[in-house]
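Structure assessment
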Amino acid sequence: MKPEQEELFEQEVEALIKEIHTQYGYDFSGYARASVYRRIRRFLGQKHLQSIEELRRFLFTDSFFFENFLQEITVNVTEMFRDPTFYKSLRENVLPILSTYPFIKVWDAGCSTGEELFSLAILLEEEGLLGRTKIYATDINQKVLRQAKEGIFSASHMAAYTSAYYAAGGKRDFAEYYTSNYGSVKFNSSLVRNVVFYPHNLATDSSFNEFHLIVCRNVLIYFNRALQERVYHLFDESLVSLGYLGLGKKETLAMSGISDKYSFVDKNNRIYRKNS
Ligand SMILES: C[S@@+](CC[C@H](N)C(=O)[O-])C[C@H]1O[C@@H](n2cnc3c(N)ncnc32)[C@H](O)[C@@H]1O
């Protein structure tokens, strides 16, 4: 694209972002632009659309089309036991402390299609804590939340997920947790009996409870600094004193306004504990 075409494309995308906010209430103004531009271009290609104007027409006349667009912009890629050392560290450094509490509240923010949620539930189950834990699984995208609730994943991933489960310190036969059925597997619904699935937008919604552990991985990388800062304050408001925040390898509290209030539990996996 020539520089002037590039500039026009960016201006049109900015106008579109404003219109989406007005029409649908989703605020993407704080999303990192490089990723938004790349994804919109890809979406135009996939749908064989020639211009932002053409995209606009579909977005505002077809809510199903908008849901597909939302899926593209919000990036739902996920895995079970993604970065297994993160889970191993939760198991070794966090759950033993939480096990001394009578009741545990966990927030899985940006849970996508549920692979992270089921991994957390399995961890809690194996440490004998699932029965007294309530997990709030939230995401901006209602479609992925519906999938998360079902706990059905493609069988083609199971070899990799099984290895990751053992690398995360898995204690049982992983196959105990699911039943296979024609190319897919369904995880036992008992794992999510204490889970509340809830649409929540980290860009605009407020704190809704107090938690002992918040896990939010591979979400903030898509936000600009100002929106990341908003979300860090939201998490800070939502954590009890001495609560844990698990961000994973890609994000850090380092430059944020709340970093002084937190200490590292695991520097590599960016697991923090709020000071008392
Ligand atoms: C790349 S996935 C990460 C999933 C999972 N946490 C993991 O690490 O495997 C990012 C998720 O964040 C969600 N998301 C994006 N923007 C959001 C927002 N403003 N509020 C809540 N969730 C959001 C997306 O819908 C998507 O499901």
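Residues numbered from 1 in each chain as written. Predicted model: local features only at pLDDT ≥ 70, side-chain atom pairs only at ≥ 80, totals over all residues. Heavy atoms only, no water.

The protein is annotated in an unreviewed UniProt entry as CheR-type MCP methyltransferase of Pontibacter ramchanderi.

1. Overview of helix α4 (residues 63-74)
Here α4 spans 16 Å end to end across twelve residues, near enough to the 16 Å set by a 1.5 Å rise per residue. Those residues of α4 that fall on the buried side of the exposure criterion are F65, F66, F69, L70, E72, I73 and T74. Of the residues that open α4, the one with a side-chain oxygen 3.0 Å from the backbone nitrogen of F64 is D62. V75, located one to two residues past α4, shows a positive phi value of around 50°. (Helix = DSSP H or I, 4+ residues; strand = E, 2+ residues; numbered from the N terminus. Expected span 1.5 Å × (residues − 1). Buried < 20%, exposed > 50% of the residue type's maximum accessible area, 1.4 Å probe, protein only. Polar contact = N/O pair within 3.5 Å; in protein donor to acceptor, adjacent residues only side chain to side chain.)

2. Description of the site of the ligand
Around the ligand there are 21 residues in total, and Y31, T78, R82, D139 and N218 lie nearest to it. T78 is positioned with one of its side-chain polar atoms (N or O) 2.5 Å from an oxygen atom of the ligand. Between I140 and the ligand, the recorded distance is 3.3 Å, taken from a backbone N or O atom to a nitrogen atom. Residue composition of the shell around the ligand, grouped by class: eight nonpolar, nine polar and four charged. (Near = heavy atom within 4 Å. Nonpolar A, V, L, I, M, F, W, Y, C, P; charged D, E, K, R; others polar.)

3. With respect to the UniProt feature "domain: CheR-type methyltransferase" (unreviewed entry) in the protein
Within this structure's numbering, the places UniProt gives as "domain: CheR-type methyltransferase" (unreviewed entry) are residues 1-276. What you have in residues 1-276 is 42% helix and 18% strand, and the ends, taken at the C-alpha atoms, are 53 Å apart. (UniProt positions renumbered as here; feature names shortened; annotations may be inferred.)

4. Focus on the sheet that holds strand β6 (residues 195-199)
Two pairing modes exist for strands in a sheet, parallel and antiparallel, and in both the strands are linked by backbone hydrogen bonds. Sheet architecture is open: seven strands sit in the order β6-β2-β1-β7-β8-β10-β9, paired in mixed fashion. Here the strands that pair on one side only, and so sit at the sheet edges, are β6 and β9 (262-266). Taking the axes of each pair of neighbouring strands and ignoring which way they run, one obtains an average angle of 20° across the sheet. Sheet analysis places strand β1 (residues 104-109) next to strand β2 (residues 133-139), joined by six bridges and oriented parallel. Note that in β2 the partner of I104 across the bridge is T133. Across the sheet, helix α7 (residues 142-150) is in contact with β2 and β6; its angle to β6 comes to roughly 165°. (Pairing = 2+ DSSP bridges. Axes fitted to C-alpha atoms, helices over the stretch in contact; angles between N-to-C directions. Contact = heavy atoms within 4.5 Å.)

5. Notes on the pattern of salt bridges
Tallied over the entire structure, the rule returns 17 salt bridges. One salt bridge connects E72 with R42, and the closest N-O pair in it is separated by 3.1 Å. Of this pair, E72 sits in helix α4 while R42 sits in helix α2 (residues 33-46), placing them 30 residues apart in sequence. Owing to a relative accessible area of 46%, R42 belongs among the partly exposed residues under this scheme. Ionic pairing is found between R91 and E126, a salt bridge with its closest N-O pair at 3.1 Å. Of the two residues, R91 sits in helix α5 (residues 84-98) while E126 sits in helix α6 (residues 115-126), which places them 35 residues apart along the sequence. (Salt bridge = Lys/Arg side-chain N within 4 Å of Asp/Glu carboxyl O.)

6. A short note on the domain arrangement of the protein
As a measure of interface size, the accessible area lost when the parts come together is often cited. By domain assignment, the protein separates into domain 1 (3-73) and domain 2 (84-274). Taking the mean C-alpha position of each, domain 1 and domain 2 sit 29 Å from one another. On the domain 2 side, the residues contacting the twelve residues of domain 1 number 13 residues. Both faces combined, the contact of domain 1 with domain 2 buries some 1,100 Å², and carbon together with sulfur accounts for 49% of it. Linking domain 1 with domain 2 are one salt bridge, by the criterion used here. Across the pair E67 and R146 runs a salt bridge, and its minimum N-O distance is 3.6 Å. The tally of links from domain 1 across to domain 2 stands at three residue pairs in polar contact (both at pLDDT 80 or more). (Domains from an automatic or database assignment. Buried area = accessible area lost by both parts, 1.4 Å probe.)

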